[in-house]
Amino acid sequence: MSKLQELIRKHCPNGVEYKKIGEICRITIGEFVHKNKQTANGKYPVYNGGRENTGFYEEYNNTGNKVIISARGANAGFVNKVYTNYWAGNSCYSLSPIDNKYLDWIFLFYILKGKEKEFINSQQTGSIPALSKKQIEQLEIPVPPIAVQKEIVHILDNFTNIVTELRAELQAELQARKEQYEFYRDKLLSFQKVTEE
């Protein structure tokens, strides 16, 4: 029996309770910071509704260890996690557990990442796709005991690390094969010119 199975048997023999996100998390929306005030080498990353930060800023309006969800735009519903202090723009929801002893923020990230397609498919249509705060607040998620959450996070983090390592190895292998191909292509296609005597 795995450690996770043991923890589930011990801590939740009658199943797991479900809670609405709005009952167990703080959800805030950020503030607009104009692109021309952002720099490439500021202190804090700025997240404003995309998959990556849009730049850096000298101030922050959120501390790290938060889950962020894109509120508007083509990526509305995209879920990410931020470890460092950051500036949340006005197209960025920031989520954090109300009680860290009840809900692990990385567990929350994994649960919401699993709901990402659902968020994206339920974008409110209009001139700009959007995901409302209410849609997030009303989502019910499983909340097993914290020991179970931490074991799930441990397992998923290990898988994430393995995938990252494999991706790096594959990239290195692809680069080596590309260089090998180019070497043999150039060698095979470098015909010597025949000269007449």
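Up top you'll find the structure we're talking about.
Residues numbered from 1 in each chain as written. Predicted model: local features only at pLDDT ≥ 70, side-chain atom pairs only at ≥ 80, totals over all residues. Heavy atoms only, no water.

J.: What exactly am I supposed to notice about the pairing of strand β3 (residues 44-47) here?
T.: It is a general feature of regular strands that their side chains alternate between the two faces of the sheet. Of the two faces of β3, both are covered, the one formed by Tyr44 and Val46 as well as the one formed by Pro45 and Tyr47. As paired strands, β3 and strand β4 (residues 55-57) are joined by three bridges and run antiparallel to one another. Of the residues in β4, the one forming a bridge with proline 45 is phenylalanine 56. (Buried < 20%, exposed > 50% of the residue type's maximum accessible area, 1.4 Å probe, protein only. Helix = DSSP H or I, 4+ residues; strand = E, 2+ residues; numbered from the N terminus. Pairing = 2+ DSSP bridges.)

J.: Please clarify how the side chain of asparagine 62 should be interpreted in this entry.
T.: Examined against the element boundaries, asparagine 62 turns out to sit in the loop between β4 and β5 (66-70). A distance of 3.2 Å separates a polar atom in the side chain of asparagine 62 from a polar atom in the side chain of asparagine 61. The contact partners of asparagine 62, leaving out residues within four places of it in the chain, are Thr28, Asn85, Tyr86, Ala88 and Ser94. (Polar contact = N/O pair within 3.5 Å; in protein donor to acceptor, adjacent residues only side chain to side chain. Contact = heavy atoms within 4.5 Å.)

J.: Even after reading the chapter, I still don't get a nonpolar patch on the surface, so can you show me in this structure?
T.: Together, Phe183, Tyr184, Leu188, Leu189 and Phe191 line one region of the surface with nonpolar side chains, adding up to about 640 Å² of accessible area. The residue phenylalanine 191 is located in the segment after α6 (146-188) in this model. (Patch = residues over 30% accessible without salt bridge, like charges linked within 9 Å, V, L, I, M, F, W, Y side chains within 5 Å. Areas by Shrake-Rupley, 256 points an atom, 1.4 Å probe, with all protein chains shown as cover. Salt bridge = Lys/Arg side-chain N within 4 Å of Asp/Glu carboxyl O.)

J.: Just to check I follow, could you spell out the sheet that holds β3 for this structure?
T.: Within a sheet, neighbouring strands are paired by backbone hydrogen bonds and run either parallel or antiparallel to one another. An order of β4-β3-β7 is seen for the three strands of this open sheet, with the pairing classed as mixed. Among the strands making up the open sheet, the edge pair consists of β4 and β7 (87-88).

J.: Mind showing me how you'd approach the layout of surface pockets here?
T.: With a probe scaled to a water molecule rolled over the atoms, the places where space remains empty come into view. Each pocket or cavity is described by its volume, and for the largest pocket that value is around 170 Å³. What lines the largest pocket is simply Tyr110, Leu156, Thr160, Val163, Thr164 and Arg167. Per element, the largest residue contribution to the lining of the largest pocket is five residues, and it comes from α6. For the lining of the largest pocket, the per-class residue count stands at three nonpolar, two polar and one charged. (1 Å grid on protein atoms, 1.4 Å probe; cavity = no way out; pocket = protein on both sides within 12 Å on 5 of 7 lines; lining within 4 Å. Points joined across faces, edges and corners; volume = space filled by probe spheres on them. Nonpolar A, V, L, I, M, F, W, Y, C, P; charged D, E, K, R; others polar.)

J.: I keep staring at empty space enclosed by the protein and nothing clicks. Help me out?
T.: Scanning all chains against the criterion turns up one cavity of 30 Å³ or more. As a volume, the largest cavity reaches approximately 40 Å³. In terms of residues, the lining of the largest cavity owes the most to one element, β5, which gives three residues. Looking at the lining of the largest cavity residue by residue, the class counts come to five nonpolar, five polar and one charged.

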